[in-house]
Amino acid sequence: MPILGIVASSVKAAPGIPIIGTATNVGTSRAYNNGAATVTFTAGAGAGATSFTATSNTGGYTATGASSPLTVTGLQSSSSYTFTVTATNAVGTSAASSASNSITATTVPQAPTIGTATTGNASATVTYTAGANGGSAVTTFTATSSPGSLTGTGASPITVSGLTNGTAYTFTVKATNANGISTASSASNSITPVAPLYLAIAHNTSPNISVYLFSEATGFGSKYSNPATLPATDGYGVSFNSAGTAIAVNSDASPYIQAYPWSAGFGTKYSDPATLPTGAAYNTLAFNSAGTSIAVAHFTSPRVTAYPFSSGFGTKYSDPATLPTGFGFGVCFNPAGTVIAVGGSSSPFIQAYPWSPGFGTKYSNPATLPANTVYRPQFNPAGTDIICATSGSPNLTAYPWSSGFGTKYSDPATLPAGNAVSLSFNTAGTTVAVGSGTSPYVQAYPWSSGFGTKYSDPATLPTGYGNGVSFSLSSQSIAVAHTSSPFVSVYAWSSGFGTKYSNPATLPTGAGMAPSYV
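Let us look at the structure shown here. Think of each chain on its own: its residues are numbered from 1, step by step along the sequence as written. Only residues with pLDDT of at least 70 are given local features in this predicted model, and only at 80 or more are side-chain atom pairs given and counted; all residues enter the totals for whole chains, interfaces and linings. To obtain the side-chain values, all non-hydrogen atoms of the structure were used and water was disregarded.

## Observations regarding the sheet that holds strand S1 (residues 19-26)
Okay, so step 1: Strand order across the open sheet formed by three strands is S1-S2-S5, with antiparallel pairing between neighbours. Edge positions in the sheet fall to S1 and strand S5 (70-75), since each of these pairs with one other strand and no more. Each strand of the sheet is rotated relative to its neighbour by a mean of 25 degrees, with strand direction disregarded.
Okay, so step 2: Strands pair, by our definition, only if DSSP identifies at least two bridges between them. The numbering of helices and of strands both runs from the N terminus, where a helix is a DSSP run of H or I of at least 4 residues and a strand a run of E of at least 2. Pairing between strand S2 (residues 35-42) and S5: five bridges, direction antiparallel. The partner of valine 39 across the bridge, within S5, is leucine 70. To obtain each axis, a line is fitted to C-alpha atoms, and for helices this fit is confined to the stretch in contact; angles are then taken between N-to-C directions over 0 to 180 degrees.

## Some points on the sheet that holds strand S11 (residues 138-146)
Okay, so step 1: Read from one edge to the other, the open sheet built from four strands follows the order S12-S11-S14-S15, with strand pairing classed as antiparallel. Looking along the sheet, the strands with just one partner apiece sit at the ends: strand S12 (151-153) and strand S15 (180-181).
Okay, so step 2: As paired elements, S11 and S12 share three bridges and run antiparallel to each other. Pairing of threonine 142 across the sheet is with threonine 153, part of S12.

## Details of the nonpolar core
Okay, so step 1: Val39, Val72, Leu75, Phe83, Val85 and Ile103 are the most contacted members of the largest nonpolar core, which has 17 residues in total.
Okay, so step 2: By definition in these notes, contact holds between two residues if any of their heavy atoms fall within 4.5 Å. For leucine 75, the contacting residues outside a window of four places in its chain are Asn33, Asn34, Gly35, Ala36, Ala37, Tyr61, Tyr81, Phe83, Ile103 and Ala105.
Okay, so step 3: If you look at the next biggest cluster of nonpolar residues, it comprises 15 residues, including Ala143, Val160, Phe171 and Val173. Only buried Ala, Val, Leu, Ile, Met, Phe, Trp, Tyr and Cys residues count toward a nonpolar core, and they belong to the same one when joined by side-chain atoms within 4.5 Å. Only protein chains enter the accessibility calculation, which uses a 1.4 Å probe. A residue is then buried if its area is under 20% of the maximum for its type, exposed if over 50%, and partly exposed in between.

## Some points on the environment of asparagine 101
Okay, so step 1: Mapped onto the secondary structure, asparagine 101 falls in the loop between strand S7 (83-88) and strand S8 (103-104).
Okay, so step 2: For the pair asparagine 101 and glycine 21, spaced 80 residues apart in sequence, the C-alpha separation works out to 8.4 Å.
Okay, so step 3: In contact with asparagine 101, other than residues within four places in its own chain, are Gly21, Thr22, Ala23, Tyr81 and Thr82.

Pasting the structure below:
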């Protein structure tokens, strides 16, 4: 018989148990609750393995690969883990290795919870609640604006500066730790930063000018005044420059106009009596739109003069030959600062002059101008219309304006019957308000190309003479100066008068000659 051959075959067995090495936390750039750890090991003795699997002792998070180390992901932030490793081949899977050392998974922080954004002057404060730190201490919280991507850092609340007043913003907050930056919080409420609102009032008692921090939500705040540097006589008019950095007041004693640096209070007085006029500065003064020139109306000729202004008065610009001979009751610049208008007591009762660094050819059309004394002229914000307060009926008239007077707009039936002492357009140029000598002491009219239905609420208006009227820069409130206490009142304004804001206890005791916002 033939001898049977022996067929050789390999021995088949599961792999040996791996020998555990070191587990190491991997936190850098790991998202919150997606931590990671590397696990090292050495293959066990015996049959070879085709793959190895590391498994966390809690959560059962795994990673599989052909060699050491393995990276296990999905670990929960700030949680502790140990790991075991098994080996696998075609026959089966080994028993688990012993447990590794313990690690704590760290990641970037959890996204903060947004709170409330609050407006400031070219700034906002943003509150938030911190989320979990991801297992590593948070080093920075950052609030970011939209639009603009302007940022601020710190503990809640964070201040974000450099915003543009009048622009709407929302904010998100992120947290940073050693591992990186969290995802952003949800967006905050929208806010629109605004400059601090100040309301200045000229008086006929000392101090002759006072300035109040003013909120259109709560009314008058702290009063700023420095009587020692203010003129000793009546303050007939008051005006802020366009930047809100200087405030001017005119009076009936020399010097007839003075100006003060302004931030949150009066500073060193700027005045140059040698170049100032010798007649009383009657009702008004005005800065041009750039804040580089200041004009004043007077009792004596010339009736209006203008001065360069930066940090003080410069050379006076005046051309008496072209100026009117009647009282200069009021003066104003157009929004571009290229034309200056003056009211007078003789015909023509309102005239206007080209303006650059001095007076030019006079624009006037006496045939269309009112026959009564003009107390104050005012351009609308677009510079396309000029309006005038007068002492007879109609007490308010308006004219189209380009390079001269055009057709007169007036609606005597809806205008007040008493002296129209002063007037003011709102910032949109859609409403015009007038102060008068009879009750109600302030009224307002819709305005487009002429007067519309009158808005007035006599029941809430004061009983004293309406000496001056001014809209706030946001047009959300309107201020009125009076001859009786309180000497200035402020009303919420939308399409008509609302709740009155006044705090007589902090107001001066003299008549309110004129208000001015900045």
